[in-house]
There are 2 protein chains.
Amino acid sequence: MKEQKGTLFVLTGPSGVGKGTLLSHVLPQLDSLFLSVSATTREPRPGEQDGVHYYFLSPEQFRSRIEDGAFLEHAQFSGNYYGTPSAPIDEHLSRGEDVVLEIEVQGAMQIREKRPDAAMIFVAPPDFATLEARLRGRQTEAEDAIALRLETAKHELQQIPKFDYVVINDDLTRAEEELKAVFLAERARTMHRTFHI
Amino acid sequence: MKEQKGTLFVLTGPSGVGKGTLLSHVLPQLDSLFLSVSATTREPRPGEQDGVHYYFLSPEQFRSRIEDGAFLEHAQFSGNYYGTPSAPIDEHLSRGEDVVLEIEVQGAMQIREKRPDAAMIFVAPPDFATLEARLRGRQTEAEDAIALRLETAKHELQQIPKFDYVVINDDLTRAEEELKAVFLAERARTMHRTFHI
């Protein structure tokens with residue numbers, strides 16, 4: 001039995017659902033699963049390292065790479081570019097290693113178009129009230145920003161049927177186990193394995 | 001989030017691969033996953049209970065149920081009938097409970113035709129020599145019986161690409177984790193969940 005090409009996992013979900021925390025708990029438990037590093041034009045924050053937290057690019061560099069088709073998806077937020085470079089991902093996949101992207105929902109939908117083989121995972125809140133409570137609990141945003149996030153979340157949750165898996169983040173331990181199970185089970189799919197006898 | 005209809009899991013693999021042991025280790029770790037009970041015309045062995053280990057039927061009863069279409073699959077081995085009654089399975093599934101069948105490969109292929117939604121899992125040995133060693137290690141069978149089992153296994157292993165998952169039984173702990181992951185991940189499939197928001 002030999003691993004063929006690696007699997008691309010796309011993890012998404014509304015802002016505030018806890019997908020980053022979930023993933024950071026599961027990643028150390030899995031071998032040969034690499035977290036994709038995004039590119040951005042925003043300034044590095046203290047402690048952020050180029051190639052580790054982000055690839056930091058100038059707006060000119062970013063635009064030139066867009067023209068080269070170097071991104072699986074890209075978008076602008078608050079006047080900065082953000083994007084997913086395809087080359088590092090494809091290097092891992094061709095070595096038979098799996099890659100996971102943590103990305104907002106709209107970017108995930110773009111990747112679904114370009115990479116129909118990707119395993120698409122949506123992290124959802126147990127209910128809308130829980131998501132609202134989490135967003136308000138952050139206490140870092142104005143009311144109108146929270147209202148906008150909730151409006152966006154409503155639309156995003158309607159996209160769930162387009163995903164392969166939905167992990168409900170009700171209880172962190174349970175959700176962790178479920179997310180890990182999705183990674184392990186996808187590796188056990190016959191389409192990702194070749195059997196030599 | 002609500003569970004819809006349950007999922008039917010079909011677990012198969014060559015004789016001697018250890019699928020029964022694997023399943024008996026994983027079943028107690030999962031809620032609301034029921035093991036399907038087969039029907040047979042062979043005599044109960046000491047300690048075997050009707051409805052628990054098998055449904056024990058007379059040949060007349062069995063043939064009449066075949067005519068009624070009461071079996072998902074059935075076959076004859078060593079002069080006895082064996083079959084999978086569909087009614088108890090469908091009762092569980094309609095209650096949103098999952099059911100797992102442990103069955104030989106040919107029966108699994110029959111179920112795959114009738115229930116294309118079933119999650120098909122093949123338990124494979126790490127290599128052919130390991131399977132051979134396990135079969136010989138039992139020391140309960142004559143050489144020609146072992147040779148026949150190995151010949152059958154060779155053909156069965158060629159069916160792997162028709163299955164959704166292949167779990168390699170190299171190390172019991174690892175294989176257990178992988179099989180459990182398949183059960184959990186299938187439950188997280190969006191097609192098995194409805195999200196109400």
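Heads up: the structure comes first, above all this text.
One structure accompanies this document, and this report is about it.

What counts and how
Residues numbered from 1 in each chain as written. Chains lettered and ligands numbered in written order. Predicted model: local features only at pLDDT ≥ 70, side-chain atom pairs only at ≥ 80, totals over all residues. Heavy atoms only, no water. Helix = DSSP H or I, 4+ residues; strand = E, 2+ residues; numbered from the N terminus. Rg over C-alpha atoms; globule rule 2.2 N^0.38 Å. Buried < 20%, exposed > 50% of the residue type's maximum accessible area, 1.4 Å probe, protein only. Contact = heavy atoms within 4.5 Å. Areas by Shrake-Rupley, 256 points an atom, 1.4 Å probe, with all protein chains shown as cover. Lys, Arg positive; Asp, Glu negative; His and termini not counted. Charge placed at Lys NZ, Arg CZ, Asp CG, Glu CD. Phe/Tyr/Trp six-rings, centres within 6.5 Å; stacked < 30°, edge-to-face > 60°. Least-squares fit on C-alpha atoms with pLDDT ≥ 70 in both. Buried area = accessible area lost by both parts, 1.4 Å probe. Salt bridge = Lys/Arg side-chain N within 4 Å of Asp/Glu carboxyl O. Polar contact = N/O pair within 3.5 Å; in protein donor to acceptor, adjacent residues only side chain to side chain. Nonpolar A, V, L, I, M, F, W, Y, C, P; charged D, E, K, R; others polar. Pairing = 2+ DSSP bridges. Axes fitted to C-alpha atoms, helices over the stretch in contact; angles between N-to-C directions. Core = buried A, V, L, I, M, F, W, Y, C linked by side-chain atoms within 4.5 Å.

Attention now moves to the overall build of chain A. Across its full length, chain A holds seven helices and eleven strands. The C-alpha radius of gyration computed for chain A amounts to 17 Å, which stays within 12% of the reference 16 Å derived for 197 residues, consistent with globular compactness. By principal-axis analysis of the C-alpha atoms, chain A measures approximately 60 × 45 × 30 Å. Expressed as a percentage of the 197 residues in chain A, the buried residues total 48%. Residue pairs at least 24 apart in sequence account for 69% of intrachain contacts in chain A once pairs closer than 6 positions are excluded. Of the roughly 9700 Å² of accessible surface on chain A, a fraction of 49% belongs to carbon and sulfur atoms. One finds the centroid of the 22 positive side-chain charges in chain A at a distance of 2 Å from the centroid of its 31 negative side-chain charges.

Time to look at the packing of aromatic side chains. Residue and element names in this part refer to chain A. Applying the stated criterion across every chain, the model contains 14 aromatic pairs over all chains. Summarising the aromatic geometry, the rings of Phe9 and Phe183 are spaced 4.7 Å apart at their centres and angled 80 degrees between planes, so their arrangement reads as edge-to-face. Placement of the pair is Phe9 in strand S2 (residues 8–12) and Phe183 in helix H7 (residues 172–187), with a sequence separation of 174 residues. Both residues of the pair, Phe9 and Phe183, belong to the buried class. Pairing Tyr54 with Phe56 gives two aromatic rings, centres 5.9 Å apart and planes at 50 degrees, and the pair type is tilted. Given a relative accessible area of 17%, Phe56 falls into the buried group. Grouped by ring-pair contacts, the aromatic residues Tyr54, Phe56, Phe77 and Tyr82 constitute a single cluster.

Moving on to the relation of the copies chain B and chain A. Note on the identical chains: chain B maps onto chain A by a rotation of 180 degrees and an axial translation of 0.0 Å, with an RMSD of 0.0 Å. Both chain copies can therefore be described as sitting about a two-fold axis. Residue Ala181(B), judged by its C-alpha, is the member of chain B lying nearest the rotation axis, at 2.1 Å. Comparing contact sets, 100% of the residues at the interface of chain B also lie at the interface in chain A, consistent with an isologous, same-surface contact.

Each partner contributes residues to the interface: chain B has 28 residues there, and chain A has 28 residues. The junction of chain B with chain A conceals about 2400 Å² of combined surface from both sides, 65% of it contributed by carbon and sulfur atoms. In this structure, the salt-bridge partner of Arg189(B) is Glu186(A), at a minimum N-O distance of 3.4 Å. Summed over the shared surface of chain B and chain A, the number is twelve residue pairs in polar contact (both at pLDDT 80 or more). Only strand S10 (165–168) and helix H7 (172–187) of chain B provide two or more residues apiece to the side of chain B that touches chain A. Here the side of chain B that touches chain A gets eight residues from one element, more than from any other, and that element is H7(B). Of the residues assigned to the side of chain B that touches chain A, the class counts are 19 nonpolar, one polar and eight charged.

Residues and elements named next belong to chain B. Overall, parallel pairing links the five strands, which are arranged S3-S8-S2-S9-S10 in an open sheet. At either margin of the open sheet sits one strand with a lone partner, and together these are strand S3 (33–35) and S10. Averaged over all pairs of adjacent strands, the angle between strand axes in this sheet comes to 25 degrees, irrespective of strand direction. Of the strand pairs in this sheet, strand S2 (residues 8–12) and strand S9 (residues 119–124) are connected by four bridges, and their pairing is parallel. Bridge pairing in S9 links Phe9 to Ala119. Strand contacts of helix H3 (residues 86–94): S2, S3 and strand S8 (98–102), with the helix running at about 150 degrees to S8, the strand carrying the most contacts.

Attention shifts here to the sheet that holds strand S6 (residues 71–77) of chain A. Residues and elements named next belong to chain A. One open sheet accounts for four strands, arranged S5-S4-S7-S6; its pairing is mixed. Looking at the sheet topology across the chains shown, the edges are occupied by strand S5 (55–56) and S6. Inspection of the sheet shows strand S4 (residues 39–40) paired to S5 by two bridges, in the parallel sense. Bridge pairing in S5 links Ala39 to Tyr55.

This paragraph deals with the side chain of Asp98(A). Residue and element names in this part refer to chain A. Checked against the element boundaries, Asp98 lands in strand S8 (residues 98–102). Classification of Asp98 by relative accessible area gives buried; the value is 3%. Polar side-chain contacts of Asp98 include one of 2.7 Å to the backbone nitrogen of Thr7. A polar contact is formed between the side chain of Asp98 and the side chain of Arg187, at a distance of 2.6 Å.

As a further point, take the nonpolar core. Nonpolar side chains tend toward joint burial in soluble globular proteins. Core analysis: the largest hydrophobic core is formed by 100 residues, its most contacted members being Leu8(A), Phe183(A), Leu8(B) and Phe183(B). In contact with Phe183(A), not counting residues within four places along its chain, are Phe9(A), Leu23(A), Val26(A), Leu30(A), Leu33(A), Val100(A) and Ile121(A).

This part covers the pattern of salt bridges. Taken as a whole and assessed by the stated rule, the structure comprises 28 salt bridges over all chains. The closest approach of N and O atoms between Arg115(B) and Asp90(B), which form a salt bridge, is 2.9 Å. Residue Arg115(B) is found in the loop between helix H4 (105–114) and S9, and its partner Asp90(B) is found in helix H3; the two are separated by 25 residues along the sequence. Owing to a relative accessible area of 23%, Arg115(B) belongs among the partly exposed residues under this scheme. Of the charged contacts in the structure, one is a salt bridge between Glu141(B) and Arg149(B), with a shortest N-O distance of 2.7 Å. Overlapping salt bridges bring together Glu186(A), Arg189(A), Glu186(B) and Arg189(B) as one network.

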